[in-house]
Amino acid sequence: YKDDLMKLLRFWSSGNPDNQTSLAEYVFRMQEGQKSIYFVVGDGKRGAEMAPAMEKMRQKGLEVLYVVDPLDELCVSGIGEFDRKTLVDINKADLDLDSEEEV
């Protein structure tokens, strides 16, 4: 049931600020060659938007999911991967967005 439930998840996103988005919608909008689904944990939507790691993501034009609820964080950590794309917490990962491999 895990795969079925993942399709139901919705998150706020830097790429769709007015509506929540699904993981499938995020993957559809990903940049060509992007291998990871990026997310940031924050205290509410505004807190996630203001996370220091978001600045570099904005500069690179990379969409980031906002994980703003403790239950969402639990779900994301349990998923690990969606559609062969690894979920990466931009606050915890040592991202080298200048390399082709990280995008």
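Residues numbered from 1 in each chain as written. Predicted model: local features only at pLDDT ≥ 70, side-chain atom pairs only at ≥ 80, totals over all residues. Heavy atoms only, no water.

Colleague: Sorry, what's going on with the pattern of salt bridges here?
Modeller: Note on pairing: side chains with opposite charge can pair once their charged atoms come close. Under the criterion given, the structure shown has three salt bridges. Residue E49 pairs with R46 through a salt bridge whose shortest N-O separation is 3.7 Å. In this pair, E49 and R46 both sit in helix α3 (residues 44-49), three residues apart, roughly one turn of the helix. (Salt bridge = Lys/Arg side-chain N within 4 Å of Asp/Glu carboxyl O. Helix = DSSP H or I, 4+ residues; strand = E, 2+ residues; numbered from the N terminus.)

Colleague: Explanation requested: the sheet that holds strand β4 (residues 65-67) in the structure shown.
Modeller: Neighbouring strands of a sheet are bound in pairs by backbone hydrogen bonds; such pairs are parallel or else antiparallel. Pairing is mixed across the open sheet formed by six strands, whose spatial order is β2-β1-β4-β3-β6-β5. A strand with exactly one partner marks an edge of an open sheet, and here the two such strands are β2 (16-21) and β5 (81-82). Note that strand β3 (residues 36-41) and strand β6 (residues 85-89) share four bridges and pair parallel. Directly across from Y38, in β6, lies its bridge partner V88. Seen against the sheet, helix α5 (residues 70-79) touches β1 (11-13), β3, β4, β5 and β6 and runs at an angle of roughly 120° to β4. (Pairing = 2+ DSSP bridges. Contact = heavy atoms within 4.5 Å. Axes fitted to C-alpha atoms, helices over the stretch in contact; angles between N-to-C directions.)

Colleague: What exactly am I supposed to notice about the packing of aromatic side chains here?
Modeller: To describe a pair of aromatic rings, you give the distance between the ring centres and the angle between the ring planes. Overall, the coordinates contain zero aromatic pairs when judged by the stated rule. Above the ring of W12, the side-chain terminus of K45 is found at 4.3 Å from the ring centroid. (Phe/Tyr/Trp six-rings, centres within 6.5 Å; stacked < 30°, edge-to-face > 60°. Lys NZ or Arg CZ within 6 Å of the ring centre and 35° of its normal.)

Colleague: Can you walk me through unusual backbone geometry in this structure?
Modeller: Outside of glycine, negative phi angles account for most residues, and trans bonds account for most peptide bonds. In this model, D83 sits at a positive phi of 55°, which is unusual for a non-glycine residue. Note that D83 resides in the loop between β5 and β6. By relative accessible area, which is 45% here, D83 ends up partly exposed. A positive phi is found at R84, a non-glycine position, where the angle reads about 60°. With respect to the helices and strands, the residue R84 is situated in the loop between β5 and β6. (Buried < 20%, exposed > 50% of the residue type's maximum accessible area, 1.4 Å probe, protein only.)

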